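Secondary and tertiary structure notes
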Amino acid sequence: MLDPRLVRQNPDHVVAQLTRRGLAVDVDALHQRARQVQTLAERRTRLQAEGKRISRQVGQQFRLLMTEQDKHPVSFEEQPESPTDQEPQGNVESRRLPGDVDQKMEDIRALAEALEEKGRTIKTKVAALEEEEKALQAELRQELLRLPNLPSPRCPDGRSEVDNVELRRWGEPRSVPAALEHWQLAETLGLFESERSARIARSRFVTLLGPGARLERALIQFMLDLHVSRGYMEVLPPVLVNTASLTGSGQLPKFAEESFRCAEDDLWLSPTAEVPLTGLHRDEILSATDLPRRYVAYSPCFRREAGSYGRDTRGLIRLHQFNKVELYWFCHPDASEAAHEQLTADAEAVLQALELPYRVVELCTADLGFSACRTYDLEVWLSGAGAYREISSCSNCSDFQARRSSIRMKEGKHNRLLHTLNGSGLAVGRTMAALLEWYQQPDGSVAIPQALQRYMGCDVITPPSDPK
RNA sequence: GGAGAGGUGGCCGAGUGGUCGAAGGCGCAGCACUGGAAAUGCUGUAUAGGGGCAACUCUAUCGAGGGUUCGAAUCCCUCCCUCUCCGCCA
């Protein structure tokens, strides 16, 4: 979420930055509303202060009354409360009180009643103002929640993905003669089942089999071990997450159609471990001294992939359920740019260890994700397809998710929103696809890269000797 | 799912419907004492929002949301969460 104060005080800046993303937003209306909320709040606060003063005065009157009562107990005989209290103290003489004492107590009571009446009036006024303010506030928040993060000044401007900037390449793509795509290889090697998976669930699900299942598990464990050795804390989070968590990380309210939902329970299938990891410290204040906090989480991810019906229908590239190892940082706001480079390097380390060629692309303003202010994509070389394909997206979300999730850090006396970053490290299915295509051999087998062999328990996957 | 107990500041733990944002303790920070430290003493220690150059000040917050009241941590209702026991279950 954007800072409401920024919208109130510098709407032009907000407009300019959202325009860089190619968004035309009516910030004027938003700005008006933000100021309106503030005006209402000021009026309400002043009234509340007065009401509070009055309540205290009523209390004072009651105390006065009680001290008078203690001095002249019997004069209150006509009052219904606790007659037994007064009985022992009552005596005939004090029944005839001097008129001025009676009068004094009458005055106190009258004053108290007048104050009470005043309090009632204020109460109804405050309630009315509060209602109006709450409604406006809620509208404002809903609108703010639908606005994406502002791009970093360093994020390159662009109108579409063609304006993304290639930063560097690692490894040499080689053209393999008669290269097969991974789903073709998988078929002869018996690594997974697509059609039967549609029977179990529906299309865009996969069931991994034999060495395929083993390879997926090996990759997950390999990635986790690698990142843990580089200083990450391993996390295995819930994959059902509530609405607050999805709102906190930016998936809701705008992208509800992208996630599967268990409507009866206010739970959703998490589209990425970024969601539970953001939620891990929701409503917390971390100490600045133990930042950065770096987490690595394996989780299955669930996405509806609405509107991608024709694309990537075969194989492991685009599924409703896939596995991902996610890197996540909570860090000091001044350190997030360096953290972004480090996190990206950590994701790259996986591809380097597996010796798979890739390139790093910086997304332009038009291609930036909702929560990100800056993003590097890793694109791995798919030999079979003969193209680079996204396998990781490493984003700096600045304070955007932290504000939505209220995650702060204590620095000296002050609390300040921290920064969050996330990146795939890596998408496991796509890694398997790249690996199969890159390491395919003329005899139809697939070599296992060295780093993975101890996880895989072999150095090659060969076609079954007796197919079917 | 059933029965019971409970949710108060960083932590422990008081709290009578009326200056209670909340005693006391621990922890933490500063100062004093010390050659240095421990111990001790003093002072200060929540968050959010608004106003003010500032000292400061106003409002809200005692699990959450409603209600009663001039006034709620305190009374009433609903929900959530934690703990114990039973049932079920990997």
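All values reported here derive from a predicted model rather than from experimental measurement. (Residues numbered from 1 in each chain as written. Chains lettered and ligands numbered in written order. Predicted model: local features only at pLDDT ≥ 70, side-chain atom pairs only at ≥ 80, totals over all residues. Heavy atoms only, no water.)

1. Focus on the sheet that holds strand β12 (residues 374-382)
Spatially, the 8 strands line up as an open sheet ordered β1-β11-β12-β13-β16-β10-β9-β4, and their pairing is mixed. Pairing within the sheet leaves two strands with one partner each, and these edge strands are β1 (165-170) and β4 (233-235). Averaged over all pairs of adjacent strands, the angle between strand axes in this sheet comes to 25°, irrespective of strand direction. Summarising the sheet, strand β9 (residues 293-302) and strand β10 (residues 321-331) pair through 10 bridges and their orientation is antiparallel. Bridge assignment links Val-296 to a residue of β10, and that residue is Leu-327. Across the sheet, helix α12 (residues 336-353) is in contact with β1, β9, β10, β11 (358-362), β12, β13 (387-396) and β16 (419-427); its angle to β16 comes to roughly 10°. (Pairing = 2+ DSSP bridges. Helix = DSSP H or I, 4+ residues; strand = E, 2+ residues; numbered from the N terminus. Axes fitted to C-alpha atoms, helices over the stretch in contact; angles between N-to-C directions. Contact = heavy atoms within 4.5 Å.)

2. Concerning the packing of helix α9 (residues 210-229) against helix α14 (residues 428-438)
In contact at an axis separation of 10 Å, α9 and α14 are set at 115° when each is read in the N-to-C sense. Judged by the angle between their axes, α9 and α14 are roughly perpendicular. When you trace α9 past α14, the crossing you get is right-handed. Residues Gly-212, Leu-215, Glu-216, Leu-219, Ile-220 and Met-223 of α9 pack against Val-428, Gly-429, Thr-431, Met-432, Leu-435 and Leu-436 of α14. Residue classes in the contact of α9 with α14 are distributed as 8 nonpolar, 3 polar and 1 charged. (Parallel < 35°, antiparallel > 145°, perpendicular 65-115°, else oblique. Left-handed = near helix turned anticlockwise from the far one by under 90°. Nonpolar A, V, L, I, M, F, W, Y, C, P; charged D, E, K, R; others polar.)

3. A closer look at the packing of aromatic side chains
Applying the stated rule across the entire model yields 8 aromatic pairs. Consider the rings of Tyr-232 and Trp-329, whose centres lie 6.4 Å apart with planes at 75°: the pair is edge-to-face. With a gap of 97 residues between them, Tyr-232 in the loop between α9 and β4 and Trp-329 in strand β10 connect regions that are remote in the sequence. Given the relative accessible area of 6%, Trp-329 is considered buried. (Phe/Tyr/Trp six-rings, centres within 6.5 Å; stacked < 30°, edge-to-face > 60°. Buried < 20%, exposed > 50% of the residue type's maximum accessible area, 1.4 Å probe, protein only.)

4. A few points about the nonpolar core
Counting residues in each nonpolar core, the largest one holds 58 residues, and the members touching the most others are Leu-215, Leu-219, Met-223, Leu-351, Leu-356, Leu-426 and Leu-452. For this core, the element with the highest residue contribution is α9, accounting for 8 residues. Setting aside residues up to four positions removed in sequence, Leu-351 forms contacts with Trp-170, Leu-356, Tyr-358, Leu-378, Val-380, Ile-391 and Leu-426. Counting residues in hydrophobic clusters, the runner-up holds 25 residues, among them Val-14, Val-58, Leu-140 and Leu-144. (Core = buried A, V, L, I, M, F, W, Y, C linked by side-chain atoms within 4.5 Å.)

5. Details of the UniProt feature "coiled-coil region" (unreviewed entry) in chain A
Mapped onto this numbering, the UniProt entry gives "coiled-coil region" (unreviewed entry) at residues 112-146. Regarding residues 112-146, the helix share stands at 97% and the strand share at 0%, and the terminal C-alpha atoms are separated by 50 Å. (UniProt positions renumbered as here; feature names shortened; annotations may be inferred.)

6. Brief notes about the domain arrangement of chain A
Here chain A is described as being made up of domain 1 (4-72 + 101-145) and domain 2 (161-461). One C-alpha centre belongs to domain 1, the other to domain 2, and the line joining them spans 47 Å. Listed as interface residues are 5 residues of domain 1 and, on the opposing side, 10 residues of domain 2. Considering only the surface of domain 1 that becomes buried against domain 2, Arg-20, Arg-21 and Leu-145 emerge as the three largest contributors, covering 80% of it. Where domain 1 touches domain 2, the interface holds 0 salt bridges. Taken together, domain 1 and domain 2 are joined by 5 residue pairs in polar contact (both at pLDDT 80 or more). For the side of domain 1 that touches domain 2, a count of residues per class yields 2 nonpolar, 1 polar and 2 charged. (Domains from an automatic or database assignment. Buried area = accessible area lost by both parts, 1.4 Å probe. Salt bridge = Lys/Arg side-chain N within 4 Å of Asp/Glu carboxyl O. Polar contact = N/O pair within 3.5 Å; in protein donor to acceptor, adjacent residues only side chain to side chain.)

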